[in-house]
Amino acid sequence: MSLLLPSLPFFENSFSLKLFFYFTGTIILAGLSLIPTHASSLIAGMVFGIIKAPFLALLAVVGASYLSFLVISLVVKEKSYQVLLKKPKAAKIHEELLLKSGYKAVLFIALIRLSPVMPFAATNVLLAASKVKASLFLIGSLIGLAPRVVIVAIAGAGLSELDLSKSSNIWL
């Protein structure tokens, strides 16, 4: 914890304050794609420990994905959706996977989130532009993000400090 907030000793004993800054920072910074969600999950592990961190990190990262989804939905509006509908194959896949069945949509979103190939921000853009229902987006994201976020948060809980100055690797 000393690496994160070295000059704020009152922060050490205030769970509420840590929680507020962690959630606010993660949701805004990761939601706007300014920090990677892995970093946020790692910090959660370091700050909140092995018991609380996985749950808190997952809530914060899903919150960040939802913020991103909302912002992109407002920016993109109808234009990209109309482009999608002009392509018959893409429109059919979109209809089958995301519009007809809530179960299929949740499964599709969860599988995209599980994939290491699709970046966090790109997935948010794709799903927001596809006019996915927000509730299905949240459920699918929660399921799909859980394994990665939980594993990284647990790894972070095992770190007592993160000091990159001791590294012999020139890239760090």
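How each quantity is defined
- Residues numbered from 1 in each chain as written.
- Predicted model: local features only at pLDDT ≥ 70, side-chain atom pairs only at ≥ 80, totals over all residues.
- Heavy atoms only, no water.
- Bend = angle between axes of the 7 residues up to and from the residue.
- Helix = DSSP H or I, 4+ residues; strand = E, 2+ residues; numbered from the N terminus.
- Buried < 20%, exposed > 50% of the residue type's maximum accessible area, 1.4 Å probe, protein only.
- Core = buried A, V, L, I, M, F, W, Y, C linked by side-chain atoms within 4.5 Å.
- pLDDT = per-residue confidence, 0-100.
- Contact = heavy atoms within 4.5 Å.
- Axes fitted to C-alpha atoms, helices over the stretch in contact; angles between N-to-C directions.
- Left-handed = near helix turned anticlockwise from the far one by under 90°.
- Nonpolar A, V, L, I, M, F, W, Y, C, P; charged D, E, K, R; others polar.
- Polar contact = N/O pair within 3.5 Å; in protein donor to acceptor, adjacent residues only side chain to side chain.

Draft legend 1. Structural view of helix 7 (residues 134–157). The sharpest bend along helix 7 measures roughly 45° and falls at Ala146, with the proline Pro147 sitting one to four residues further on. All of the buried residues along helix 7 are Leu136, Phe137, Gly140, Ser141, Gly144, Leu145, Ala146, Val149, Val152, Ala153 and Gly156.

Draft legend 2. Inspection of the nonpolar core at higher detail. Counting residues in hydrophobic clusters, the biggest one holds 19 residues, and the most contacted among them are Tyr22, Ala44, Phe48, Ala57, Leu58, Leu145 and Val149. When contributions to this core are tallied by element, the ones reaching two or more residues are helix 1 (15–31), helix 2 (37–76) and helix 7.

Draft legend 3. Representation of the confidence of the model for the protein chain within the structure. Confidence in the prediction for the protein chain averages 84 pLDDT; 83% of positions are at 70 or higher. With pLDDT under 50 throughout, residues 1–7 is counted as low confidence; its partners more than four residues away or in other chains account for 9 contacts.

Draft legend 4. View of the packing of helix 5 (residues 102–114) against helix 7. Relative to each other, helix 5 and helix 7 sit at 35°, their axes nearing to 7 Å. Here the hand of the crossing between helix 5 and helix 7 comes out right-handed. Packed against helix 5, whose contacting residues are Gly102, Ala105, Val106, Ile109, Ala110, Arg113 and Leu114, the element helix 7 presents Leu136, Phe137, Ile139, Gly140, Ser141, Ile143, Gly144, Leu145 and Pro147 at the interface. Its residues assigned to classes, the contact of helix 5 with helix 7 comprises 11 nonpolar, 4 polar and 1 charged.

Draft legend 5. Local environment of the side chain of Thr37. In this structure, Thr37 sits in helix 2. Owing to a relative accessible area of 5%, Thr37 belongs among the buried residues under this scheme. Sequence-distant contacts of Thr37, defined by excluding residues within four places in its chain, comprise Ala30, Val61, Phe120 and Arg148.

Draft legend 6. The arrangement of the environment of Thr26 in detail. Secondary-structure assignment places Thr26 in helix 1. Sequence-wise, Thr26 and Pro36 are 10 residues apart; in three dimensions their C-alpha atoms are separated by 9.3 Å. A polar side-chain atom of Thr26 sits 2.8 Å from a polar atom in the side chain of Ser40.

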